[in-house]
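# A structural walkthrough
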Amino acid sequence: MFNNNYNFLVRLLHYSIIGNKIIPELLFDIENFLFKKKNRSIKVNHHVYITGLARAGTTILLNTIYASKKFASFTYRDMPFIISPNIWNLASKYFKSKKPIERKHNDNMMINLDSPEQFEEIFWNLKTSEKYNFKDHLKYHLIDSYNLDLYELFIKNCLVKYKKNNYLCKNNNSLLRIKSLINKFPNAKFLLSFRNPLDHSISLLRQNTNFTNLQKKDQFSRKYMNYLVHHEFGLNHKPMIFKSLEKSDSDQNDVNYWLDQWINFYNFIKKENLKNSPNILFINYEEFCKNTEFEFKRISNFIGEEIFENVENKYFSFKRYEASNFNFDKSKKKKSLEIYNYLKN
């Protein structure tokens, strides 16, 4: 993320374009009118979605697949005109990409102007915010056919800009609407990533501290995260609520709060029996790091095309934490490990 590098005018532009709904709605209509002919001629071969609870390796998976150059995905170059990428491209194509910098997560992930990111949520927030984006939580929901058709136009506009026939999206919020997406795109492929719940919870706790400190120093960083509906951690954190209201009895400075978020997210998958869905491939991030070549083959076979042949960087790593240094609730720990074993097997 480029928050600290945004000057006043750029911040004002972000506020004007994605800080309200009137201008994006107008730009979306203009985009669809101007590029209607090209949009109609696009044939989409693959819809590939990467999802999972934040800190499950979804970004590295996104970058790796995107490096194949076979997919279109929204990038920082498209900001803040995500809703009208072809109109904005008339200017943004002249922007020079600077040397990659480390993103604000402090996790050695390098990004630049042409890096893909979780930007499509801007569309969902524009069109369906009243169904899921509430003051203190994000809610599981179904999407009507009208907005799903608009979403298809939105995807095709991205494909038109990048001259591709395959769409790639990383979005940690996709689980909130996964059944609607599968109904709309019955051949869509979802890569659902998970990792050991104890390590995962500790990582979420650390990032919550990191982003809380960042947002206290820079108010725009909090607004920026709100624009993108990035509520995974920090001062603007919102838990995901699925079919039942399950609020944590711990606060955000307690690792058990984040273990509750892990249980809530992945237990929904278990309850809905999503492991049996032909549209979903489960990615154990630890296994992905240990046996990368094998996992590459699994993913390629699942998608139906070899997508890693041109990928140079095939090194992945994950961080283990000493769980004994944290006061995990025994019952929650047991429940999370049961779900984890279910996901692995």
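The structure this text deals with has already been given above.
Residues numbered from 1 in each chain as written. Predicted model: local features only at pLDDT ≥ 70, side-chain atom pairs only at ≥ 80, totals over all residues. Heavy atoms only, no water.

### Observations regarding the pattern of salt bridges
As a working rule, side chains carrying opposite charge can pair if their charged atoms are close by. All told, the structure shown has 16 salt bridges when counted by the stated rule. Between Glu121 and Arg177 there is a salt bridge, with the nearest N and O atoms lying 2.7 Å from each other. Taken together, the residues span a long stretch of sequence, with Glu121 in helix H6 (residues 121-132) and Arg177 in the loop between strand S5 (166-170) and helix H8 (178-184) at a distance of 56 residues. The exposure class assigned to Glu121 is buried, which follows from its relative accessible area of 0%. In this structure, Lys332 engages Asp260 in a salt bridge whose closest nitrogen and oxygen atoms are separated by 3.0 Å. Here Lys332, found in helix H14 (residues 330-344), pairs with Asp260, found in helix H11 (residues 255-271); they are 72 residues apart in sequence, far enough to count as distant. The pair Lys332 / Asp260 is uniform in exposure class, with both members buried. Bridged by salt links that share partners, the residues Lys70, Glu305 and Glu309 form one connected network. (Salt bridge = Lys/Arg side-chain N within 4 Å of Asp/Glu carboxyl O. Helix = DSSP H or I, 4+ residues; strand = E, 2+ residues; numbered from the N terminus. Buried < 20%, exposed > 50% of the residue type's maximum accessible area, 1.4 Å probe, protein only.)

### With respect to the nonpolar core
Tyr49, Tyr151, Tyr167, Leu175, Tyr266 and Ile269 are the most contacted members of the largest nonpolar core, which has 81 residues in total. When residues of this core are assigned to their parent elements, the largest contribution, ten residues, is made by H11. Not counting residues within four places of it along the chain, the set of residues in contact with Tyr151 comprises Tyr49, Glu120, Phe123, Trp124, Tyr167, Leu181 and Phe185. Listed in part, the 23 residues of the second largest apolar core include Leu61, Leu62, Ile299 and Ile303. (Core = buried A, V, L, I, M, F, W, Y, C linked by side-chain atoms within 4.5 Å. Contact = heavy atoms within 4.5 Å.)

### Some thoughts on helix H9 (residues 197-217)
Compared with an ideal rise of 1.5 Å per residue, which puts 21 residues at 30 Å, H9 spans 30 Å between its outermost C-alpha atoms and is within 8% of the ideal. Counting buried positions along H9 yields 16 of 21 residues, so the element is predominantly enclosed. Where H9 starts, the residue carrying a side-chain oxygen 2.9 Å from the main-chain nitrogen of Leu198 turns out to be Asn196. (Expected span 1.5 Å × (residues − 1). Polar contact = N/O pair within 3.5 Å; in protein donor to acceptor, adjacent residues only side chain to side chain.)

### What about unusual backbone geometry?
Most peptide bonds adopt trans geometry, and most residues besides glycine take a negative phi value. Cis geometry marks the peptide bond from Met79 to Pro80; its omega dihedral reads 0°. Among the structural elements, Pro80 can be located in the loop between helix H4 (58-66) and helix H5 (85-92). Of note in this structure, Lys69 is not a glycine but carries a positive phi near 65°. With respect to the helices and strands, the residue Lys69 is situated in the loop between H4 and H5. Taking the relative accessible area as the measure of exposure, Lys69 reaches 66% and is therefore exposed.

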